[in-house]
Amino acid sequence: MTAIDAFERYCDAWIRHDAEGMADLFTEDGVFEGSTLDRPIRGRAELLRELRVISASHRNIRTETRLAIPTPTGALIEATYQAEIVGAGGKIDGSPSRADFRLAAIVEMEGDKIKLLREIFDARPLYPEERQRMWTMNRLSPYWQGTANAKCMEWSVYNTMFFPMIYSRAPYEDYAALLEGVTLWDVGLERQTQLRGPDARAFLDYLCCRDMSDMQPGDCRYTLMADDQGLVMGDPVVLMPWPDVAWISHGNTDMTLWARGVALDSDWKVEVSEPDVAPLQVQGPKALEVMRAICAAPVDEMKNYSCVETSVAGQRAVVSRTGWSGGFGFEIFPLSSERAMDLWSAILEAGEPHGLKVTGPIVHRAVERGVTDTGYYVSSGMNALEDVGARTVDLDKPADFVGKAALLRIRDEGVKRHSIGLFIDGEIPRLEWNWPVTRGDEPVGEVRWAVHSFALGRSIAIAILDRSVEIGDRVEVTHPRGVVGAEATAVPFVERGS
Amino acid sequence: MSTAGRALQSYLDAFAARDAAAAASLFEPAALAEIPMLKPNRLVGASEIRRGHEAAFRTIAEVGVETETDIAEQDGCAIWAGALTIRRADGARHRHQSAIVVEAGAGRLRRLSLYLNARNIRRWADHAIL
């Protein structure tokens, strides 16, 4: 087989997402290099894994060889590549997000197999001209420089801190890294409301809709927190790293301010503060290998939703087996952010042999697993009995808690809405605001969380709808591209591990 | 070596010498040069090609051309592959995997496309990488 034939077959296999077909064209130690890759892909196992993921992140792929000249050891080629990016939601005008470019390819052969395939192209037109700009009215995370180095393009704002969301890869590449490899997330914006003192446990129990009274040091527990009207304010994971200390690791709500307000001028003997703790998440099936390399504690023995004080890369930290991925992983809570970038670099180094990728939160997977965030309930008038986490509300717990009376009334009067899944017909744009849901002429609620599901190959959403909408019912969703049909379904959409 | 091959080699020599006039002289009057690190990155005609190269070379103190695959030629076209090592006027050094594809006719270049990844890596800096 000539080098030019090999390149043509490679292109054909790429279009078919045929990873075996692509890998078979290479020698056992063959190498693929591309302009958007951080490093070369080497050897059959890596070629099989990486080329499958990268090719699957595109669809409707077309390639055309414009010029192909044999050399004594292979060929030099000029070609074009055109494709749509899967799961990106398209552009504002409704046109698909695309990867279109012209490239030069260098093919070196060994016998009739490819020893080296190097694709050179200008990646600049595939991305925004430069990264999003920051504003001094919000804070930088202690890891911000790391995220900029890792080519983050888009940040949101969370607890007045910039939250890295989208990096310079196609969405499926990050999704696959979470499900098959290991990812590092800067969640320094996930702040801790620290409760310390003789009444810390009781005060915690008073703030939470769930019974927290039996939490022990080393436990972590998910809960909803409501205001006095029973409206959801937060759905944090609470950690109890030490006997007299609880950390409410909260979302995009100033829980420290809230807790201080509740404790102000009260009889609670509790000190409420926000320590200098900026977490990181290491998520994915290979997270264990990374953590073993840097964590003093025996992470293999850690149970799900447990935490321990230990050292990570020589820095004191609390490590928990928790995360926002709906899958396997860890959170690292260093007890000071003073050496934040040293910790970041240590994790990158430990993760390098395992192909660790720096990513944002993989929202596609979170929605598949029914994991929501503050934006799902804030400003929706959603009470705790209507939320996805309603099952954790314990109205029977003996102790009073903020919002209990209101929630009891709501329960007795009948909960009017519920959170439910939707399969939305067709492709959907990126969710930038909530989408109305109707049944005929009747408004029944709104979509508050929506993505393309890579696991299911269709559009999915989580909506707050009138309780009369049941699983299997059809409704209509109005999104920026028009009115489309949808079918109500259960959440989560996929089970852990699938 | 064919016209295309000779012209491509001459272009590489002119680029290494940072000689914009010599580079521009290799092109037909209405030739196209695609240089990704410039804005605009499509230069049409010898005059524009000369000005574009002058703009690039003003910021470069030294250029090294590393040939990894000898120029391959066919039917009036030629391709070179290797790396360009650049030392900028501010002292920064970069090495870029590169390829150049040319089409020639009547002794001069009709089209030259320089392939390299021009995306800035250090996003907080506003300098170009070449």
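An account of the accompanying structure is given in this report. These numbers come from a predicted model, not from an experiment.

Quick notes on the rules
- Residue numbers here run from 1 along each chain, matching the order of that chain's written sequence.
- Chains and ligands are labelled sequentially in the order written, the chains with letters from A and the ligands with numbers from 1.
- A pLDDT threshold of at least 70 governs which residues receive local features in this predicted model, and a stricter bar of 80 or more applies before side-chain atom pairs are shown or counted, although totals over entire chains, interfaces and linings include all residues.
- Hydrogen atoms and water are omitted, and side-chain values are computed over all heavy atoms in the structure.
- Here a helix means four or more residues in a row that DSSP labels H or I, a strand means two or more in a row labelled E, and each is numbered from the N terminus.
- Burial here depends on accessible area, computed with a 1.4 Å probe over protein chains only, as a share of the maximum for the residue type. Under 20% is buried, over 50% is exposed, and the range in between is partly exposed.
- We call two residues contacting when some pair of their heavy atoms lies within 4.5 Å.
- Per-residue accessibility takes into account occlusion by the displayed protein chains alone, with areas from the Shrake-Rupley method and a 1.4 Å probe.
- A residue counts as positive if it is Lys or Arg and as negative if it is Asp or Glu; His and the chain ends are not included.
- For this purpose, a charge sits on NZ of Lys, CZ of Arg, CG of Asp or CD of Glu.
- For the radius of gyration, the atom set is restricted to C-alpha positions; the globular benchmark scales as 2.2 Å times the number of residues to the power 0.38.
- Buried area: the accessible area, evaluated with a 1.4 Å probe, that two parts lose upon being put together, summed over both parts.
- As used in this structure description, the phrase polar contact means that two N or O atoms lie within 3.5 Å; if the pair is within protein, one of them must be able to donate a hydrogen and the other to accept it, and residues adjacent in sequence are counted only when both atoms belong to side chains.
- We call two strands paired when DSSP finds no fewer than two bridges between them.
- Convention adopted: a line fitted to C-alpha atoms gives each axis, helices being fitted over their contacting stretch, and angles between N-to-C directions are expressed from 0 to 180 degrees.
- Roughly parallel refers to an angle under 35 degrees, roughly antiparallel to one over 145, roughly perpendicular to one between 65 and 115, and oblique to any angle outside these ranges.
- Polar here means any residue other than Ala, Val, Leu, Ile, Met, Phe, Trp, Tyr, Cys and Pro, which are nonpolar, and Asp, Glu, Lys and Arg, which are charged; Gly is therefore polar.
- By nonpolar core we mean a set of buried residues, namely Ala, Val, Leu, Ile, Met, Phe, Trp, Tyr and Cys, connected to one another through side-chain atoms within 4.5 Å.
- Cysteine sulfur pairs qualify as disulfides if the two atoms are within 2.5 Å.
- Here, expected helix span is obtained from the residue count minus one, scaled by 1.5 Å.

1. Description of the overall build of chain A
Here comes step 1: Looking only at helices and strands, chain A features 12 helices and 27 strands.
Here comes step 2: Across its three principal axes, chain A shows a C-alpha extent of roughly 85 × 60 × 40 Å.
Here comes step 3: Out of the 498 residues in chain A, the part that is buried amounts to 57%.
Here comes step 4: Intrachain contacts of chain A at a sequence separation of at least 6 include 64% that bridge at least 24 residues.
Here comes step 5: Accessible surface for chain A amounts to roughly 20400 Å². Of this, 50% is attributable to carbon and sulfur atoms.
Here comes step 6: The average position of the 53 basic charges and that of the 75 acidic charges among the side chains of chain A differ by 1 Å.

2. Let's talk about the overall build of chain B
Here comes step 1: Counting secondary structure elements, chain B contains three helices and six strands.
Here comes step 2: Start at the N end of chain B and walk to the C end: the helices and strands fall as α-α-β-β-α-β-β-β-β.
Here comes step 3: Taken against the 2.2 N^0.38 rule, which gives 14 Å for 130 residues, the C-alpha radius of gyration of chain B at 14 Å falls within 12% of a compact globule.
Here comes step 4: Over its C-alpha atoms, taken along the principal directions, chain B stretches across nearly 45 × 30 × 20 Å.
Here comes step 5: Scored against the burial criterion, the 130 residues of chain B give a buried share of 51%.
Here comes step 6: Looking at chain B alone, contacts between residues at least 24 apart form 47% of all its contacts between residues at least 6 apart.

3. Brief notes about the interface of chain B and chain A
Here comes step 1: Listed by partner, the interface residues are 33 residues for chain B and 32 residues for chain A.
Here comes step 2: Both sides of the chain B and chain A interface together cover about 2600 Å² of buried area, and 54% of this is carbon and sulfur.
Here comes step 3: There are 11 residue pairs in polar contact (both at pLDDT 80 or more) connecting chain B and chain A.
Here comes step 4: Where the side of chain B that touches chain A is concerned, the elements lending two or more residues are β3 (60-74), β4 (77-88), β5 (93-105) and β6 (108-115) of chain B.
Here comes step 5: If one sorts the elements of the side of chain B that touches chain A by residue count, β3 of chain B sits on top with six residues.

4. Side note on the side chain of Gln194 of chain A
All names here are of chain A.
Here comes step 1: Mapped onto the elements of the fold, Gln194 is located in strand β10 (residues 192-196).
Here comes step 2: Only 2.8 Å separates the side chain of Gln194 from the side chain of Trp247, close enough to count as a polar contact.
Here comes step 3: Not counting residues up to four positions away in its chain, the partners in contact with Gln194 are Val245, Ala246, Trp247, Glu271, Val272, Ser273 and Pro275.

5. Quick notes on the pairing of strand β9 (residues 183-186) of chain A
Residue and element names in this part refer to chain A.
Here comes step 1: Taking every second residue as pointing to the same face, both faces of β9 are buried, with Thr183 and Trp185 on one and Leu184 and Asp186 on the other.
Here comes step 2: Relative to strand β17 (residues 280-283), β9 is paired through four bridges, and the arrangement is antiparallel. Within the sheet, the bridge partner assigned to Asp186 lies in β17 and is Leu280.
Here comes step 3: Across two bridges, β9 lies against strand β21 (residues 357-358) in parallel orientation. Following the sheet pairing, Thr183 is matched in β21 by Lys357.

6. Structural notes on the packing of helix α6 (residues 200-207) of chain A against helix α7 (residues 255-263) of chain A
Residue and element names in this part refer to chain A.
Here comes step 1: Contact pair α6 / α7: the axes reach a minimum separation of 12 Å and the direction vectors enclose 110 degrees. Taken together, the axes of α6 and α7 lie roughly perpendicular to each other. Between α6, through Phe203, Tyr206 and Leu207, and α7, the contact on the second element is made entirely by Trp258, Ala259, Val262 and Ala263.
Here comes step 2: Classifying every residue of the contact of α6 with α7 by side-chain character gives seven nonpolar, no polar and no charged.

7. Looking at the nonpolar core
Residues and elements named next belong to chain A.
Here comes step 1: By size, the foremost hydrophobic cluster in this structure holds 49 residues, and its most contacted members are Cys209, Leu239, Val393 and Leu407.
Here comes step 2: Looking at this core, the element that brings in the most residues is helix α5 (residues 171-180), giving four residues.
Here comes step 3: Not counting residues up to four positions away in its chain, the partners in contact with Val393 are Cys209, Leu224, Ala384, Leu385 and Leu407.
Here comes step 4: The next biggest cluster of nonpolar side chains, apart from the first, holds 37 residues, and it includes Phe7, Ala99, Met153 and Ala170.

8. Section: the pairing of strand β25 (residues 458-466) of chain A
Here comes step 1: Judged by how many residues are buried, β25 of chain A sits mostly within the fold: seven of nine residues are covered.
Here comes step 2: The hairpin formed by strand β24 (residues 442-453) of chain A and β25 of chain A contains four residues between the paired strands, and Gly457 of chain A there has a positive phi angle of roughly 65 degrees.

9. As for the state of the cysteines
Residues and elements named next belong to chain A.
Here comes step 1: What the rule picks out here adds up to zero disulfides over all chains.
Here comes step 2: Here Cys209 is not disulfide-linked; the sulfur of Cys208 is the nearest cysteine sulfur, at 7.4 Å.
Here comes step 3: This cysteine, Cys220, is not joined by any disulfide, and Cys307 carries the nearest cysteine sulfur, 4.0 Å off.

10. A few points about helix α3 (residues 43-56) of chain A
Here comes step 1: Given a rise of 1.5 Å per residue, 14 residues ought to cover 20 Å, and the 19 Å separating the end C-alpha atoms of α3 of chain A matches this to within 8%.
Here comes step 2: Among all positions in α3 of chain A, only Gly43, Glu46, Leu47, Glu50, Leu51, Val53, Ile54 and Ser55 of chain A are buried.

11. Remarks on the sheet that holds β24 of chain A
Here comes step 1: With antiparallel pairing, six strands are arranged side by side around a closed barrel as β22-β25-β24-β23-β26-β27 (chain A). Strand-to-strand twist in this sheet, taken as the mean axis angle between neighbours without regard to direction, amounts to 40 degrees.

Honestly, that's just the spatial picture; any functional story needs more than this.
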